[in-house]
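# Architecture and fold: a report
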Amino acid sequence: MSDPTSPRAVFERLSRGISEGRWHDLADLYAEDAVVDQPFVSAAPGHIEGRETIRAHFAGAAGMGLSLVAHNVVIHETADPEVVIAEFDYAVTGREGTATAANIQVLRIREGLIRATRDYHDHLAIARATGGVPALVTALTEATA
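## Structural notes on the pattern of salt bridges
On inspection of all chains with the given rule, the structure shows 11 salt bridges. Across the salt bridge formed by Arg51 and Glu32, the nearest N and O atoms sit 2.6 Å from each other. Linking Arg51 in helix α2 (residues 51-62) with Glu32 in strand β1 (residues 30-37), this pair joins segments that are 19 residues apart in sequence. Since its relative accessible area comes to 16%, Arg51 is described here as buried. Linking Arg115 and Glu111 is a salt bridge whose minimum nitrogen-to-oxygen distance equals 3.7 Å. With relative accessibility at 70%, the residue Glu111 sits in the exposed group. One network of salt bridges, in which partners are shared, links Asp80, Glu82, Arg108 and Arg110.

Next up, the structure:
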């Protein structure tokens, strides 16, 4: 039987929770002082600190009427026993349509809790499905001004 606190098992619970739309349960998978970095995000905070801030981030996703279902998941275990790298696609459904978004997440998990992640999501594909492209254009315009 596999260890339910292993990095692989915790990522699988996170992925399953997102795919099932259980947004309000997800923050409980994170440590109190967890850090989430999203280097490619442009219309939202790219650096999030703390479980309660992460909880608010997921609550925002819940309010978007967004569906993200993971498929083609490949989990790479690393030489560091706390770190896994996950490659996957999301089938995205939003108010403006559907899309496929490629993703890579690097997760550090200790004692069954996510301590840190670096999330590389195709935010443009997600924005197309949710109608968020105008917000992305505005954010990019402001960032380069």
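## Comments concerning the nonpolar core
Formed by 33 residues in total, the largest nonpolar core has its most connected members in Leu14, Tyr30, Ile54, Tyr90, Val92 and Ile114. Only α1 (7-19), β1, α2, β3 (67-77), β4 (83-94), β5 (97-110) and α3 (123-130) provide two or more residues apiece to this core. Here the element with the most residues in this core is β4; it accounts for 5 residues. If we skip the residues at most four places from it in the chain, Tyr90 touches Ile18, Leu68, Val69, Ala70, His71, Ala99, Thr100, Ala101, Asn103 and His121.

## Describing the packing of aromatic side chains
Using the criterion set out here, one finds 5 aromatic pairs in the structure. Taking 6.3 Å as the distance between ring centres and 35 degrees as the angle between the ring planes, the aromatic pair formed by Trp23 and Phe58 counts as tilted. Taken together, the positions of Trp23 in the loop between α1 and β1 and Phe58 in helix α2 put the pair 35 residues apart, joining distant regions of the chain. Summarising the burial analysis for this pair, Trp23 and Phe58 share the class buried. When the ring of Phe40 is compared with that of Tyr120, the centres are 5.2 Å apart and the planes differ by 65 degrees; the resulting orientation is edge-to-face. Highlighted residues: Phe40 in the loop between β1 and β2 (47-49) and Tyr120 in strand β6 (residues 113-121), separated in sequence by 80 residues. Look at Phe40 and you get exposed, because its relative accessible area is 56%. Residue Tyr120 is classed as partly exposed on the basis of its relative accessible area of 24%.

Thresholds applied
Every residue gets a number counted from 1 within its own chain, in the order that chain's sequence is written. At least 70 in pLDDT is required for a residue's local features to be given in this predicted model, at least 80 for side-chain atom pairs to be given and counted, and no such filter applies to totals for whole chains, interfaces and linings, which use all residues. No hydrogens and no water enter the side-chain calculation; it runs on all heavy atoms of the structure. Any carboxyl oxygen of Asp or Glu within 4 Å of a side-chain nitrogen of Lys or Arg constitutes a salt bridge here. Secondary structure elements follow DSSP: runs of H or I no shorter than four residues count as helices, runs of E no shorter than two count as strands, and numbering proceeds from the N terminus. Relative accessible area decides the class of each residue, using a 1.4 Å probe on protein chains only: under 20% of the type maximum gives buried, over 50% gives exposed, and in between gives partly exposed. Buried Ala, Val, Leu, Ile, Met, Phe, Trp, Tyr and Cys residues form a nonpolar core when they are joined through side-chain atoms within 4.5 Å. Contacts between residues were defined by any pair of non-hydrogen atoms, one from each residue, lying within 4.5 Å. In this scheme Phe, Tyr and Trp rings, the latter by its six-membered ring, pair at centre separations within 6.5 Å, and the angle between planes marks the pair as stacked below 30 degrees, edge-to-face above 60, and tilted otherwise.

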